[in-house]
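If you want the building blocks of each chain, they are given just below.
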Amino acid sequence: MKKAENELSIVLDARSVNEGFARYAVSAFASQLDPTLEELADIRTVVSEAVTNAVVHAYKEGGGKIYINVKYYENKTLRIQIRDKGCGIADIKQALEPFYTGAPGTERGGMGFTIMSNFTDKLTVRSTIGKGTTVTMDKRIKCHF
């Protein structure tokens with residue numbers, strides 16, 4: 001992809017109270033691209049899912065940071081990258097399966113990655129055990145005029 005036209009970086013404590021802030025900060029940044037309300041809702045949803053995954057799964061003992069980087073490009077593509085330095089995912093292919101949860105015995109539905117994939121144009125998940133996970137999502141904002 002070409003050079004980004006604009007960029008936002010945020011570092012947050014991996015606490016559930018920060019999920020809402022992350023969701024709205026990224027959607028406010030994305031609003032520069034003049035998305036529809038539905039596109040903004042999709043963006044808020046995928047950010048919420050990715051941040052919640054980091055809080056719940058990456059840092060099971062608590063603590064840690066969540067690194068959010070958002071860029072947009074000339075073709076109105078928004079790239080959202082959410083990274084942690086937590087425990088990592090042992091089997092990414094399995095984690096991407098609908099209804100799989102890394103937190104068995106909880107009310108977690110295991111649909112986070114499925115939602116992220118369905119609400120974006122491209123989802124990439126990279127992870128290393130003991131070093132963390134990076135979730136990258138591309139969302140193209142349609143031209144509405």
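This text goes with the structure placed above it.
Residues numbered from 1 in each chain as written. Predicted model: local features only at pLDDT ≥ 70, side-chain atom pairs only at ≥ 80, totals over all residues. Heavy atoms only, no water.

### Looking at the overall build of the protein
Then, in step 1: Looking only at helices and strands, the protein features four helices and five strands.
Then, in step 2: Secondary structure elements of the protein occur, N-terminal to C-terminal, as β-α-α-β-β-α-α-β-β.
Then, in step 3: Of all 145 residues assigned to the protein, the portion counted as buried reaches 42%.
Then, in step 4: Across the protein, the fraction of contacts at a sequence separation of at least 24, relative to all contacts at a separation of at least 6, is 65%. (Helix = DSSP H or I, 4+ residues; strand = E, 2+ residues; numbered from the N terminus. Buried < 20%, exposed > 50% of the residue type's maximum accessible area, 1.4 Å probe, protein only. Contact = heavy atoms within 4.5 Å.)

### Points about unusual backbone geometry
Then, in step 1: Not every positive phi belongs to a glycine, and Asp-34 is a case in point at roughly 60 degrees.
Then, in step 2: The phi angle at Lys-76 is positive, at roughly 65 degrees, despite the residue not being glycine.

### Notes on the pattern of salt bridges
Then, in step 1: Counted under the stated rule, the structure contains four salt bridges.
Then, in step 2: Asp-13 is the partner of Lys-65 in a salt bridge, and the nearest nitrogen-oxygen pair spans 2.5 Å. One end of the pair, Lys-65, is in strand β2 (residues 65-72); the other, Asp-13, is in strand β1 (residues 6-13), and 52 residues separate them in sequence.
Then, in step 3: Two residues, Asp-138 and Arg-79, come together in a salt bridge whose shortest N-O distance is 2.7 Å. A residue pair is termed long-range when its members are at least 10 positions apart, and Asp-138 in strand β5 (residues 132-140) and Arg-79 in strand β3 (residues 77-84) qualify at 59 residues. (Salt bridge = Lys/Arg side-chain N within 4 Å of Asp/Glu carboxyl O.)

### Things to note about the environment of Ile-80
Then, in step 1: Inspection of the secondary structure assignment puts Ile-80 in strand β3.
Then, in step 2: C-alpha separation for the pair Ile-80 and Ala-30, spaced 50 residues apart in sequence, amounts to 9.8 Å.

### Concerning the sheet that holds β5
Within a sheet, adjacent strands bond to each other through the backbone by hydrogen bonds, running parallel or antiparallel.
Then, in step 1: A sheet is described by the order of its strands in space; here five strands give the open sequence β1-β2-β3-β5-β4, paired in antiparallel fashion. Both edges of this open sheet fall to β1 and β4 (122-128), since each of them pairs with a single strand only. Neighbour-to-neighbour, the strand axes of the sheet open up by a mean angle of 10 degrees, direction not taken into account.
Then, in step 2: Taken together, the eight bridges between β1 and β2 define a ladder with antiparallel strand orientation. Residue pairing for β2: Asp-13 is matched across the bridge by Lys-65.
Then, in step 3: Across the sheet, helix α1 (residues 19-30) lies against β1, β2 and β3, angled at about 175 degrees from β1, the strand it touches most. (Pairing = 2+ DSSP bridges. Axes fitted to C-alpha atoms, helices over the stretch in contact; angles between N-to-C directions.)

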